[in-house]
Amino acid sequence: MRAAWLTALAAALGLAACSPAQPGYDLDKASPGAVDQARLLAATGDGDNWLAFGRTPDEQRFSPLDQVNNETVKNLGLAWSADMDTARGQEATPLVVDGVLYVSTAWSMVKAYDAASGKPIWSYDPEVPRDTLARVCCDAVNRGVAVYNNKVFVAALDGRLIALDAATGKPVWSKVVVPDQKSYAITGAPRVVKGRIILGNAGSEYKARGSIAAFDPETGDEVWRFHTVPGDPAKGFENPAMEKAAKTWTGKWWELGGGGTVWDSISYDPALNLIYFGTGNAEPWNPAPMERTGDNLYTSSIVAVNADTGEYVWHFQETPEDRWDFDSNQSIILADLPINGTPRRVVLHAPKNGFFYVLDAKTGAFLSGKPFTAVNWASGLDPKTGYPVINPEARYEKTGKPFISVPGAAGAHSWQSMAFSPKTGLVYIPVQEAGFPYAAQKDWQPSAIGFQTGLDNAAVAMPADAKVQAGAKQATTGSLLAWDPVAQKPAWSVKYPGPWNGGALATAGNLLFQGTAGGEFIAYSADKGAKLWSFPTQSGVIAAPMTYRVKGEQYVAILVGWGGVWDVATGVLAGKSGTTRNISRLLVFKIGGKGALPPAPPLAAVPLDPPPSTGTAAQIAAGGQTYGRYCSACHGDAAVAGGVNPDLRHSGALNDGAAFKSIVIEGALQHQGMVSFRAALKPDDAEAVRHYVISRANEDLRLEK
Ligand code: CA
């Protein structure tokens, strides 16, 4: 009754004027999470719901809703908000199914809300052990859930795939779906294709052999698995694709796994019956220590497999001989575009390496490719094959000289989802202009714990030099780029002070929504890039917005909360992007929304107050080496942390060698995620790191004065 009454009222007020009659959904009576294959395939025309990670199987992130549009967006206001109980990077896109909003948060927690009122329905915590942080590069993030057959599926950071009852949030089943829980993690959103859960995993900076697999949604049983790199040839190959790939590798790549993990993008074309996914870097980043040469298939590639069997169909490698961490895991969008005057089904891709690719979706044939930002590691692409012309200086392990690559390891574009509007024909890319210095570590050997990149991070750590830091900050920016994929040229762009801004949402209301690292949620006109509306979010935004409709009213939702790898790893530059404060919160807007956020707490100034530097020069240098290899990935380059992980320059343990050792060697703070590094470090190493951090804190104290 309530729903019918509201629908009548909405119609009377003209709210539903541009939309078909509402079904009169009643939360109390409905069957929550009632998603099947037919609904997923019909998602394009179903603006009320956002049923899957990229909304539709082609992952265009385009909504047909237009109640919020260029004229009405000025009246967009906060409808409701929900505080999250985690304070780490929030990367998830919420889903909405029949008036219920499902969202995952940091630490792989899941929450369900009444999508119209914001009333909490249930909450689930998989209780991921906090020491899982020691094997994840990029914060305790999770990018989203899947909903299918009355269940909500979440992949937990520690490698479990968990099915929850959509009505109650209670677990139905839980399975470990990674080869081991020492090197692998999962941050990506599961997808549903033909009644199976499709999921990859992460870990190419550790010891991981990439793969993607399909699971039975009722039992969690594995149906098929496709590896992205070959295993040990002595054990035989799983399929001809692995045998073919093995010819493109040298050395004993399988000892470290090879990399190529499938940690984010997965798209599906029902007509072609293909599943598309991106693969990560080859490992270690520096190929020299493992005598790794060759193209190293199928790393840094887009791969298409048969949607029923997982069998290899085609691949396109974007970065052969990867030594720069140029993952190809970024959003894969499928679209119909006129190419040379002929309509074609194409794959649109803007990977880390800085080139925008248009491929034939059926065959993987290279149609075109152009740099969408500054690129110096390659001078261009072969016009026929798309194979890059690699700059010899970029092969830092061969030249023996550090190389500052643009783009760098953060990528010209990372997991922050791009969007495509069939109305404007434009792709909207959160672009990052951020170089990265690569220096090969001499005599590098794999170790039992930590990052396995083969880089000498100490050699290229940010110096305590105001001029150098200012120059690096000036060269590090971000933008929202509207790209014409047919003409392969920009249509418009908006510049931001730093990288690591949020994902994109395009709508039929000629709007493009994006949140920024600086703490602003913005609506632009999709065709011209005019800034039409914005809302202060109090914390940096890295996730992508989404939109839905309940009882005739359109809502726009965004999960707010700064974090991720840019925050935890980039040191001085982390603060360049905007606010590094994390206030994790779901914000939901509608026309005429009158809600307000509580005032943001003031930022507390934390002055540097280190003990005097008493380490010897040799001790500080050795500590810097150890810090660069084992600590910088989480606590920041040159011992400067972002906003999410502890800044060791402020650690009370700096005053006490025994306390510092109890943390680094004994694992005193394991419950908070700081595991023991005993497997790789000795007490003297910990003492050297302490002296290095004290020295760095004193340098920065002098710099502040
Ligand atoms: Ca990577």
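Reading the values: the criteria
- Residues numbered from 1 in each chain as written.
- Predicted model: local features only at pLDDT ≥ 70, side-chain atom pairs only at ≥ 80, totals over all residues.
- Heavy atoms only, no water.
- Helix = DSSP H or I, 4+ residues; strand = E, 2+ residues; numbered from the N terminus.
- Rg over C-alpha atoms; globule rule 2.2 N^0.38 Å.
- Buried < 20%, exposed > 50% of the residue type's maximum accessible area, 1.4 Å probe, protein only.
- Contact = heavy atoms within 4.5 Å.
- Areas by Shrake-Rupley, 256 points an atom, 1.4 Å probe, with all protein chains shown as cover.
- Lys, Arg positive; Asp, Glu negative; His and termini not counted.
- Charge placed at Lys NZ, Arg CZ, Asp CG, Glu CD.
- Pairing = 2+ DSSP bridges.
- Axes fitted to C-alpha atoms, helices over the stretch in contact; angles between N-to-C directions.
- Donors = N, O, S within 2.8 Å, 3.2 Å for Na, K, Ca; no water.
- Disulfide = S-S within 2.5 Å.
- Core = buried A, V, L, I, M, F, W, Y, C linked by side-chain atoms within 4.5 Å.
- Left-handed = near helix turned anticlockwise from the far one by under 90°.
- Nonpolar A, V, L, I, M, F, W, Y, C, P; charged D, E, K, R; others polar.
- Polar contact = N/O pair within 3.5 Å; in protein donor to acceptor, adjacent residues only side chain to side chain.
- Salt bridge = Lys/Arg side-chain N within 4 Å of Asp/Glu carboxyl O.
- Phe/Tyr/Trp six-rings, centres within 6.5 Å; stacked < 30°, edge-to-face > 60°.
- Lys NZ or Arg CZ within 6 Å of the ring centre and 35° of its normal.

What is the right way to read the overall build of the chain from this model?
A tally of helices and strands in the chain yields 9 helices and 37 strands. In summary, the chain has a C-alpha radius of gyration of 24 Å against a globular reference of 27 Å for 705 residues, a match within 12%. Projected onto the principal axes, the alpha-carbon positions of the chain cover approximately 80 × 60 × 45 Å. Out of the 705 residues in the chain, the part that is buried amounts to 62%. In the chain, once contacts between residues fewer than 6 apart in sequence are set aside, the share between residues at least 24 apart is 62%. For the chain, the exposed surface amounts to about 24,900 Å²; the carbon and sulfur share of it is 55%. Mean positive and mean negative side-chain charge positions of the chain (62 and 67 charges, respectively) differ by 2 Å.

How do you make sense of the sheet that holds strand β13 (residues 211–215) when you look at a structure like this?
Note: strands within a sheet are paired through backbone hydrogen bonds, in either parallel or antiparallel orientation. If you walk across this open sheet you meet the 4 strands as β11-β12-β13-β14, and the pairing is antiparallel. Only two strands of the sheet have a single neighbouring strand rather than two, namely β11 (191–193) and β14 (222–227). In this sheet, neighbouring strand axes are inclined to one another by 25 degrees on average, regardless of whether the strands run parallel or antiparallel.

Before we go on, may I ask you to explain the pairing of strand β16 (residues 274–278) in this structure?
Remember that side chains alternate between the two faces of the sheet whenever the strand is regular. Taken across its 5 residues, β16 has 5 buried, putting it largely inside the fold. Residues L274, Y276 and G278 of β16 are buried on one face, and the alternating residues I275 and F277, pointing to the opposite face, are buried as well. As consecutive antiparallel partners, strand β15 (residues 266–269) and β16 are separated by 4 residues, and within that stretch N273 has a phi angle of approximately 55 degrees, a positive value. Of the pairings in the sheet, the one linking β16 to strand β17 (residues 301–306) comprises 5 bridges and is antiparallel in character. Each residue of the ladder has a partner; that of I275, found in β17, is V305.

Looking at this structure, I do not really get unusual backbone geometry. What am I missing?
Backbone geometry follows two general trends: most residues other than glycine have a negative phi, and most peptide bonds adopt the trans configuration. The omega angle of the peptide bond from L297 to Y298 is 0 degrees, so this bond is cis rather than trans. The peptide bond linking V406 to P407 adopts the cis configuration, its omega dihedral lying at -5 degrees. Among the secondary structure elements, P407 is positioned in the loop between β25 (403–405) and β26 (419–421). Despite not being glycine, Q488 has its phi angle at roughly 55 degrees, a positive value. The residue Q488 is located in the loop between β29 (477–484) and β30 (489–496) in this model.

Just checking my understanding: could you explain the coordination of the calcium ion for this structure?
Each donor-metal-donor angle in an ideal tetrahedron of four donors is 109.5 degrees, and each such angle in an ideal octahedron of six donors is either 90 or 180 degrees. Only E205 (OE), N281 (OD1), D325 (OD), D327 (OD) and D327 (OD) from the protein coordinate the calcium ion, and they sit 2.3 to 2.7 Å from it. Positions of the donor residues of the calcium ion along the chain correspond to the pattern E-x75-N-x43-D-x1-D. On the criterion of sequence distance, the pair formed by E205 in the loop between β12 (196–199) and β13 and N281 in the loop between β16 and β17 is long-range, its members being 76 residues apart. Here E205 and N281 have matching classes, each one buried.

Looking at this structure, I do not really get the sheet that holds strand β36 (residues 553–560). What am I missing?
Reading across the sheet, the 4 strands line up as β2-β37-β36-β35 and stay open at both edges, with antiparallel pairing between neighbours. The sheet terminates laterally at β2 (76–83) and β35 (546–550), the two strands that pair on one side only. When strand polarity is set aside, the average angle formed by the axes of neighbouring strands in this sheet is 30 degrees. Of the strand pairs in this sheet, β35 and β36 are connected by 5 bridges, and their pairing is antiparallel. Following the sheet pairing, M546 is matched in β36 by A557.

Teacher, can you tell me more about the state of the cysteines here?
Simply put, the disulfide is a covalent bond whose two ends are the sulfur atoms of two cysteines. Per the stated rule, a full pass over the model turns up 1 disulfide. In this model, C137 is linked to C138 through a disulfide, with the two sulfur atoms separated by 2.0 Å. Judged by the torsion about the S-S bond (-100 degrees), the C137/C138 disulfide is left-handed. Here C137 and C138 have matching classes, each one buried. No disulfide involves C631; its sulfur sits 9.0 Å from that of C634, the nearest cysteine.

Before we go on, may I ask you to explain the nonpolar core in this structure?
The tendency in soluble globular proteins is for nonpolar side chains to be buried side by side. By size, the foremost hydrophobic cluster in this structure holds 82 residues, and its most contacted members are L101, Y102, F513, Y548 and L586. Sort the elements by how many residues they give to this core and β36 lands first, with 6 residues. In contact with Y548, other than residues within four places in its own chain, are G47, D48, L65, W80, V96, L101, A115, E553, Q554, Y555, A557 and V588. Formed by 36 residues, the second largest nonpolar core is a distinct cluster that contains I542, A638, F677 and A686.

Sorry, what's going on with the packing of helix α8 (residues 657–664) against helix α9 (residues 683–704) here?
Between two packed helices, the angle of one axis relative to the other and the distance separating the axes together describe the packing. In the contact formed by α8 and α9, the axes pass within 9 Å of each other and the chain directions differ by 115 degrees. Here α8 runs over α9; the crossing is right-handed. When α8 is examined against α9, the residues G657, F660, K661 and V664 are found in contact with a partner set consisting of P683, A686, E687, V689 and R690. Of the residues that constitute the contact of α8 with α9, the class distribution is 5 nonpolar, 1 polar and 3 charged.

Looking at this model, I keep getting lost on the side chain of R209. Mind explaining?
The residue R209 is located in the loop between β12 and β13 in this model. From its side chain, R209 meets the backbone oxygen of V229 in a polar contact 2.7 Å long. When sequence neighbours within four positions are dropped, the list of residues in contact with R209 reads Y184, H227, V229, P230, G231, E238, M242, G257 and G259.

Looking at this structure, I do not really get the pattern of salt bridges. What am I missing?
Oppositely charged side chains can pair when the atoms bearing their charge come close. Tallied over the entire structure, the rule returns 32 salt bridges. Between R225 and E222 there is a salt bridge whose closest N-O contact spans 3.0 Å. Using a relative accessible area of 23% as the deciding quantity, one classes R225 as partly exposed. The exposure class of E222 is partly exposed, given its relative accessible area of 44%.

Where do I start with the packing of aromatic side chains in this structure?
Counted by the stated rule, this structure contains 34 aromatic pairs. Arranged with centres 6.1 Å apart and planes meeting at 45 degrees, the rings of Y102 and W122 form a pair that is tilted. Of this pair, Y102 sits in strand β4 (residues 100–104) while W122 is found in strand β6 (residues 120–124), placing the two residues 20 residues apart along the sequence. There is no split in this pair, since Y102 and W122 are both buried. Counting every residue linked through ring pairs, the aromatic cluster contains F316, W324, F326, F355, Y357, F366 and W377. The ring of W107 is capped by R130, whose NZ or CZ atom sits 4.0 Å from the centre of that ring. Lying across the ring of W324, R323 places its NZ or CZ 5.4 Å from the centre.

Just to check I follow, could you spell out the environment of G425 for this structure?
Looking at the element boundaries, G425 is found in the loop between β26 and β27 (426–433). With 376 residues separating them along the chain, G425 and N49 place their C-alpha atoms 23 Å apart. Setting aside residues no more than four positions away along its own chain, G425 makes contact with F420, W483 and P485.

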